[in-house]
Structure formats: C-alpha cells, structure tokens
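Listed below are the residues making up each chain.
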Amino acid sequence: MRVVWLTNFIPPYRTTLLENIAAHVEELIVIVNTDVEKNRLWSKENPSINVIKQMGLSIKRSRRHKSGFKYSSYFYIPIGQIFLLKKLKADVVFSAEMGLRTLFVILFAIFNKSCSVIIHFDGSIYTEIDNLFIRALRVFMIKQASKILVNGEDGKKYIIGLYPQAASKIDKIHYSCDNFKTHINKEDWDPKSPKFIYIGSLSERKGIYNFLEHLYRYSMQSDRSFVISIIGEEADFKHADLKKFATEKIKISFYGFRQSLEIEEILSHQDVCVVPSIADSWSLVVNESLSLGVPVLGSNRSQAVSELINQNNGWIFDPYSYESLERCLNNIVNISDREMGQLKTNCQLSVKMIDNSEIYKSYLSMFKRTVK
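Below: a short report on this structure.

Analysis parameters
- Residues numbered from 1 in each chain as written.
- Predicted model: local features only at pLDDT ≥ 70, side-chain atom pairs only at ≥ 80, totals over all residues.
- Heavy atoms only, no water.
- Buried < 20%, exposed > 50% of the residue type's maximum accessible area, 1.4 Å probe, protein only.
- Helix = DSSP H or I, 4+ residues; strand = E, 2+ residues; numbered from the N terminus.
- Pairing = 2+ DSSP bridges.
- Right-handed = clockwise from strand over helix to strand, strands pointing away.
- Axes fitted to C-alpha atoms, helices over the stretch in contact; angles between N-to-C directions.
- Parallel < 35°, antiparallel > 145°, perpendicular 65-115°, else oblique.
- Left-handed = near helix turned anticlockwise from the far one by under 90°.
- Contact = heavy atoms within 4.5 Å.
- Nonpolar A, V, L, I, M, F, W, Y, C, P; charged D, E, K, R; others polar.
- Patch = residues over 30% accessible without salt bridge, like charges linked within 9 Å, V, L, I, M, F, W, Y side chains within 5 Å.
- Areas by Shrake-Rupley, 256 points an atom, 1.4 Å probe, with all protein chains shown as cover.
- Salt bridge = Lys/Arg side-chain N within 4 Å of Asp/Glu carboxyl O.

1. Section: the pairing of strand β14 (residues 296-299)
Neither face of β14 is exposed, since Val296 and Gly298 on one face and Leu297 and Ser299 on the opposite face are all buried. As paired strands, strand β13 (residues 272-275) and β14 are joined by three bridges and run parallel to one another. Paired with Val274 across the two strands is Leu297, which belongs to β14. Viewed along the sheet, the connection from β13 through helix α9 (residues 284-291) into β14 turns out right-handed. Examined bridge by bridge, β14 and strand β15 (residues 314-317) share four bridges and lie parallel to one another. From the neighbouring strand, Ser299 faces β15, where its bridge partner is Phe317. Each parallel crossover has a hand, and for β14 linked through helix α10 (residues 303-308) to β15 it is right-handed.

Listed below in structure tokens is the structure:
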C-alpha cells in the first residue's frame, strides 16, 4: 500500500507517528508546504521518511473569530499538486486540512478511481468560521472523500452539521504525541497553595487573560494562594498585561517559549495544568500533562479536554463562566493527599494508549479499510 500524506509541515510531535506508519506500509510519502510555519518557534524536523516540499504560495490572513478574538493563520496555494499526485500513484491520499489543497486532491481522485482519499478535519464546532461558499465547498469534498478523520466528538458534530449523511464515513482518532516518560511527581501536595502551569502563546484564543482575571477574583474571596508558571511566547498579551494579576496570593513566573525537553522538566513539578482555551482544535499539552501524572483544569472548548478529561483525572469548566471555574477551584483546594495521588495515577493510565508508539496502529487500520 502506497500512502501519500499531505500536510503544511511536520511538527516535532508528529515525527514518530509518521516514522511508525512508514515502517508498516509499502511506501509513505509526506508532501509539505513549508519546513516550519512562520508563526512557529519550533526547530525544523528531519524525520527518516520520504518528504517532498511542494511548490506553492503562502498567504497570511488575519481574521476575527465568532467568539470575538483575532487570530492569524496561513493559507497555502499548491502549485502542480495534481501532476505530483499522478506521478506518485498513491493507493491512499491523506490530506490534513479542508482547504484548497484537499480540493485538488478530490479533483485528482475523481479522475483516478483507484485512489482513496481521507480528509483529516482537526477542528471542532468551536473553531470554525464558515460562510456559505466555504460550507458548500466542504460539503462537496466530504461527499467525494472515502473517509473523514476527526479528533473527537466536537469535530464529528461539525462534519455531520455540514452533511448528515457523512456519519458513516467518519473515523475518530485522538491527536497524539510522544508522551513524556518522567515518573509521577511525588512532591508533597499543598492544597493551600496549588502550583498551576499554563503552556501556550499569550493570545486571546488561548484564554489565559480571562483565566487569570477569574483566578484573581477567586483569590480575593478565598484563604488560598496560588503559584502559576506561564510558558509561551508573547502574542496578543505581553507579560506586563498579565503581571497586574500578581498579588500576595497569586505568584506568577514567566518562562517565555521553551522547547519540549525543557517543558517536560518544568511541567513535571506542577500540581495542575491549566488549559483555558476559548477555541482549540485539540491542545496537546493535555496529552503531555496527563502522561506526567499532572491533572488538567481545562476548558470545555478544547477538544482534548472534552475527549480526555473527566472527574478521575481533572476538571472541566466553561471559560466564559466564573461560577463554573469557581466550582472547579473549590474542588481542587479541598483535595486530600490520597485523592491527589490517585488523580496522578489515573492521569497516566488515561493516555497510555494515546501515544505515537500505539496510535499509528489506528491509522494503519483506517488505511486498510479505505484502500480500494
């Protein structure tokens, strides 16, 4: 089986997945648009697989989300993609988006009946900004595709909302990474001063400003204090914007951007990982935190939180509701040592099979069921 995998670029957390897939198919060819997107600070990956950098144009666009925040993304116009696909003679083409690149894949497959197409939609009902043209284009692509891959139920709801008949085509595979391997943090749990950590850009979409605003309000009405470490590059907010929430009861430390190994070391010493996103297609920090035995306090608008977090490994809140977060914080600051120890164990168990060393098997199964 020859598989062609189209993606914007190969992020560091997907390298092992692709290498594992490549080791179990006749040939895997990954077509990328760029080495690393310009708004990413990761270093370029050099996986031991066949990678082709495709010619094309990259256009940055800024938009306003229906939730009110602004964000930027990159739109790629591939050049010569149909001719490249014809040359590669793939049995299965996996396209990791629902834009122009996938449209070209669909047009290619219409005239090449032996080729199956899998579209990976990694968004959710909370992430998308649709107009009538985009919706019509996506419905056309969904109808033509052999399968639609989603990360979770929120992604499935979006696809079915576009085209209800697509339900039978949908596969769900959780987004994965190389889980951290550090042993569970055995440091003493102090419910009077929990150690929180936030990992992500300081953007409106990630919800860190609203979270700190609510945490500040809670601390003023509580006898508890909080320590919060913030890892991530400045974006919509600067450190100065967030420092105003620092008080005697809220100690804030800023680390800036950090690579994966540094994040693992810092994260392993925390009590709770905070994921307050207003709209997130996944949130890999949830996987990483759970793999270290760190419970997650997460927003119900992050698909990873909705899929992976429950009362056994964390807490879920509505980022727009102070009362929702207040209930979670009340729970956290009243947890006993024994309960926290059980939470940590549950965390690692909950992502044991959602690791690149295991999840690739789900992709192989999907490819085998899709090939014509």
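2. Here's the deal with the packing of helix α2 (residues 81-88) against helix α3 (residues 100-110)
Where α2 meets α3, the axes come as close as 9 Å, and the angle between the chain directions of the two elements is 50°. Classified by the angle between their axes, α2 and α3 sit oblique to one another. Where α2 crosses over α3, the two elements pack in a sense that is right-handed. Together, Gln81, Ile82, Leu85 and Lys86 of α2 and Arg101, Phe104, Val105, Leu107 and Phe108 of α3 make up the contact between the two elements. Partitioned by chemical class, the residues of the contact of α2 with α3 number six nonpolar, one polar and two charged.

3. Notes on a nonpolar patch on the surface
A surface patch of nonpolar side chains, amounting to about 310 Å² of accessible area, comprises Met55, Leu57 and Ile79. With respect to the helices, strands and loops of the structure, Leu57 is situated in strand β4 (residues 56-64). Taking relative accessible area as the criterion, Leu57 reaches 47% and is therefore assigned partly exposed.

Any functional reading would require information beyond the geometric quantities listed.
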